[in-house]
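Close look at the chain arrangement
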Protein chains: 2
Amino acid sequence: MNAEILSVGTELLLGQVINSDTAYVARALSSVGINVHYTATVGDNPERLYQAVTDSLARCDLLVTTGGLGPTDDDLTKETVARAAGVPLAMNEDCLATLTRYFAGRYFGENQKKQAVLPVGCTVLQNDNGSAPGCLFRSQQGALVVMLPGPPGELIPMLEHYALPALAGSNSHAVIVSKNLRVFGLGEGLTAEKLDDLLQGSNPTAATYALQNECFVRVTARAANEEEALTMMQPLIEKIRARLGTYLYTEEDGSLEETVVHAAMRRHMTLATAESCTGGLLSERLTSIPGSSEVFEMGAVTYANRIKEQVLGVSAHTLQTYGAVSVQTACQMAQGIRRAAGSDLGIGITGIAGPGGGTEEKPVGLVYIALTDGVHTWVRRMPGHTGPARSRAFYRYAAASHALDMARRVLMDLPMQENPEFPRAESLPAAMDEKG
Amino acid sequence: MNAEILSVGTELLLGQVINSDTAYVARALSSVGINVHYTATVGDNPERLYQAVTDSLARCDLLVTTGGLGPTDDDLTKETVARAAGVPLAMNEDCLATLTRYFAGRYFGENQKKQAVLPVGCTVLQNDNGSAPGCLFRSQQGALVVMLPGPPGELIPMLEHYALPALAGSNSHAVIVSKNLRVFGLGEGLTAEKLDDLLQGSNPTAATYALQNECFVRVTARAANEEEALTMMQPLIEKIRARLGTYLYTEEDGSLEETVVHAAMRRHMTLATAESCTGGLLSERLTSIPGSSEVFEMGAVTYANRIKEQVLGVSAHTLQTYGAVSVQTACQMAQGIRRAAGSDLGIGITGIAGPGGGTEEKPVGLVYIALTDGVHTWVRRMPGHTGPARSRAFYRYAAASHALDMARRVLMDLPMQENPEFPRAESLPAAMDEKG
């Protein structure tokens, strides 16, 4: 069964409201095995709405509309959809009785009564959270039509409790199940190249998607039930796992920060951070995870050199000889915050986020990230770009992500594999790779 | 000029990602006077995409596509759109040179190079936050086509800095000029109520828009040139200014953090922050502003009580008697970080971001924010919600915004006006309002 979703509302075309209804309906339909091929939005304009409904009904087996069922005058969806579907409207007396009870003791005018006017012969979808009922009916073209109200607080319960069960009756019993495997350290391009032939299947399927500074692989299977779908996708997931190695950091769709916080909780280990160019972004990401207070001890944002010396004990000699943006300073920041916080791990980040402050020797985007467990200290170097610089936000986010990736590797006893896009050989002086 | 927006991506049809790009593009187009009549989403399916583009180009003057410009094989937007628009593709050598610089020192395979293949004769839209360029070209049908990347972090800057100016050039000879007046401390509803009759005009117009925890008023005028448009909107801006008072924090569309950093630079004053529940978000926002190193001295994220005592000198007695989430602790955090950093202003934030950790007396969302200049210490209290709690991210962002608003008021010699939505009377013990 191929479906289309049509949202109605001028506020959506003005961009004043983000259309979350479509995503909700799409996810719900795919959970019962209905494919969505196309979604569209039109304003409160009868001609364009009529055209859009007519086009859809010529193509699809199921059209779901959202919005435009309320009592105000610009809500013309019902009239227009019924006309395009070739089904007359009439006052539904059961519905009118329900509405009369709903409005008991309040103003109940013609506008409100209009909500009980529905396509003749439709299945009424009860609204437990508002006045406008939805409906399900078959168009003259043969496609099913479901009309849902726009407000998510009304749409979601109506869809779950009334529309989906009614549709499940009309559809096959297949379900679609997806898993998102998250990847850090390989770009989307490189990930797709490594998986190549695995991206060609039809059931299960795998596809790559970009996220900020990382990417994920979505594996999807269609089967009679969830268990069967999960069993079908296992062999494919195992192949992807083998190809991506430790670049694949979670199969549970969690973020890098969640992976780190949960790993630290399991190990009963604590963390502390000393940040310069990232300005608190790393601690912010760690502490965005509920429960992080168990493992996060302290963060210091040390912009001024004076503060680096005072709070972290970075030596004046190091700052003078190598500069604030150097392997040496990053290591001493990590070691200093670990000491100050009394934590198991310490992380230090120092770099040039731009747009100003870069030199030929130390360009914008150059960042050193150090992690110490008290015995070893590891460092990664983001080399900065020689071409056009990227944004301050980009470098800051990337540096925080690298720190999280390093922490996850230490917490999960994984090799401190370098990002192949920032190769290890050029990435740091050999002597600094591990230091006591 | 009538526009349509077409988003490409199977993930949107599966409902796994909410389509926020469409709303963003729609709002941007309407801000320059371009009407959006229709928006649609199709998956990574060449036939359906071809059909959708063909249908659009037959109806509209401008088609904006989002998504599908990346290096992977399912990214077929460019080829399909160009084919439907009747324009051939070719390797754009300038773009290839830019990409070569962009990937310098990293893997740069055929997939990545493909991103420089663009419609012949197009205007290239530079991507400052990723690799895939966008483009603007005229289809054989006569409509303009703009192709933008899907990730919002790439799409938004490309649209603002390159696509909108290019479109403004291709549009009619009138210019549309907008100014965004940013407001903190009044919700969008309350702002709209205060402005009421001022929102009814037609040229210039004023409209309110919600942002995360704040809102803005966009004033737009259409005239023969920019100067004339600015002159036309002046009287309206003055009325808005008078009604909103010091809740209006900038007329230059800058953020709260930018307003604070620039005010501190002008005053040659420095800041330091001590954060508990916001976990570094405040320092992250401050240091996201280029040049903030001139005024930001130090941030401390003090989750553990031990660290609050050690680093900030919060007294054990205070922590035991009043608790870590109290007016007293917030004040001592602000005073402690000011002392430790040797800064002019110190800010302390302590609260319960949730979802766990709330009690009847101290519910989730309760946050104290203190600011000291060494003479006075001011405190704001976010009371938390007694109804259904909001997200951890919501409370953290709101608390950081209040801290920034307090800093702006002190730096700009404005009264420490309370947010009317968190009224002063219930907001803090009177004796704590100012303390020596």
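All residue numbers refer to positions counted from 1 along the written sequence of the respective chain. All chains are assigned letters beginning at A, and all ligands numbers beginning at 1, according to the order in which they are written. Residues qualify for local features only when their pLDDT is at least 70, as the model is predicted, and side-chain atom pairs are given and counted only at 80 or more; totals for whole chains, interfaces and linings, by contrast, use all residues. Derived side-chain values reflect all non-hydrogen atoms in the structure, with water molecules and hydrogen atoms excluded from consideration.

Looking now at the interface of chain B and chain A. The interface of chain B with chain A comprises 73 residues on the first partner and 74 residues on the second. Throughout, buried area stands for the accessible area (probe radius 1.4 Å) lost by two parts on being put together, summed over both. Here chain B packs against chain A, burying approximately 5900 Å² in sum over the two surfaces, 52% of which is carbon and sulfur. Throughout this description, the term salt bridge denotes a Lys or Arg side-chain nitrogen within 4 Å of a carboxyl oxygen of Asp or Glu. Linking chain B with chain A are four salt bridges, by the criterion used here. Between Glu284 of chain A and Arg396 of chain B there is a salt bridge, and its shortest N-O distance comes to 3.1 Å. Contacts described as polar in this section are N or O atom pairs within 3.5 Å, which, within protein, must combine one atom able to donate a hydrogen with one able to accept it, while residues neighboring in sequence count only if both atoms come from side chains. Along the contact surface separating chain B from chain A lie 30 residue pairs in polar contact (both at pLDDT 80 or more). The class makeup of the residues in the side of chain B that touches chain A is 31 nonpolar, 28 polar and 14 charged. It only takes one pair of heavy atoms within 4.5 Å for two residues to be counted as in contact. The nonpolar class holds Ala, Val, Leu, Ile, Met, Phe, Trp, Tyr, Cys and Pro. Asp, Glu, Lys and Arg form the charged class, and all remaining residues, Gly among them, are polar.

As a further point, take the confidence of the model for chain A. Residues and elements named next belong to chain A. Averaged over chain A, the pLDDT score is 88; the fraction of residues at 70 or greater is 91%. A residue's pLDDT is simply how confident the predictor is in it, with values from 0 to 100. This stretch, residues 421-436, has a pLDDT under 50; its non-local contacts, to residues over four places away or in other chains, come to 39 contacts. Among the scores for the predicted complex, ipTM is 0.74 and pTM is 0.75.

Excluding glycine, most residues fall at negative phi; most peptide bonds, likewise, are trans. Cis geometry is found at the peptide bond from Asn203 of chain B to Pro204 of chain B, where omega equals 10°. Within the element layout of this structure, Pro204 of chain B appears in the loop between α8 (188-195) and β10 (205-211). A cis amide bond, omega 0°, links Gly354 of chain B with the succeeding residue Pro355 of chain B. For helices the rule is a DSSP run of H or I covering at least 4 residues; for strands it is a run of E covering at least 2, with both sets numbered from the N terminus onward. With respect to the helices and strands, the residue Pro355 of chain B is situated in the loop between β15 (345-351) and β16 (366-372). Its identity is not glycine, yet Asp413 of chain A carries a phi of approximately 55°, on the positive side. With respect to the element layout, Asp413 of chain A can be found in the segment after α15 (392-411).

Here we come to the pairing of strand β2 (residues 35-42) of chain B. With seven of its eight residues buried, β2 of chain B lies for the most part within the structure. When DSSP finds two or more bridges between two strands, those strands count as paired. With five bridges connecting them, strand β2 (residues 35-42) of chain A and β2 of chain B associate as antiparallel partners. For Thr41 of chain A, the partnering residue across the bridge sits in β2 of chain B and is Thr39 of chain B. When strand β1 (residues 2-8) of chain B meets β2 of chain B, the two strands line up parallel, connected through seven bridges. The partner of Val8 of chain B across the bridge, within β2 of chain B, is Val42 of chain B. Each residue is assigned to one of three classes by its accessible area relative to the maximum for its type, calculated with a 1.4 Å probe on protein chains only: buried under 20%, partly exposed between the two thresholds, exposed over 50%.

Looking now at the environment of Asp94 of chain B. Residues and elements named next belong to chain B. For Asp94, the position within the fold is in helix α5 (residues 93-102). Its relative accessible area of 62% is what places Asp94 among the exposed residues. Counting along the chain gives 136 residues from Asp94 to Leu230, while the straight-line C-alpha distance between them is 37 Å.

Let us look at the side chain of Arg218 of chain A. For Arg218 of chain A, the position within the fold is in strand β11 (residues 214-223). When charges are counted, Lys and Arg contribute as positive and Asp and Glu as negative, whereas His and the chain ends are disregarded. One buried charged residue, Arg218 of chain A, remains without a salt bridge, the closest side chain of opposite sign being Glu11 of chain B at 5.4 Å. Looking at Arg218 of chain A, its side chain comes within polar contact range of the side chain of Asn180 of chain A, at 3.1 Å. When sequence neighbours within four positions are dropped, the list of residues in contact with Arg218 of chain A reads Ser178, Lys179, Asn180, Thr205, Ala206, Ala207 and Tyr209 of chain A together with Glu11, Leu14 and Gln16 of chain B.

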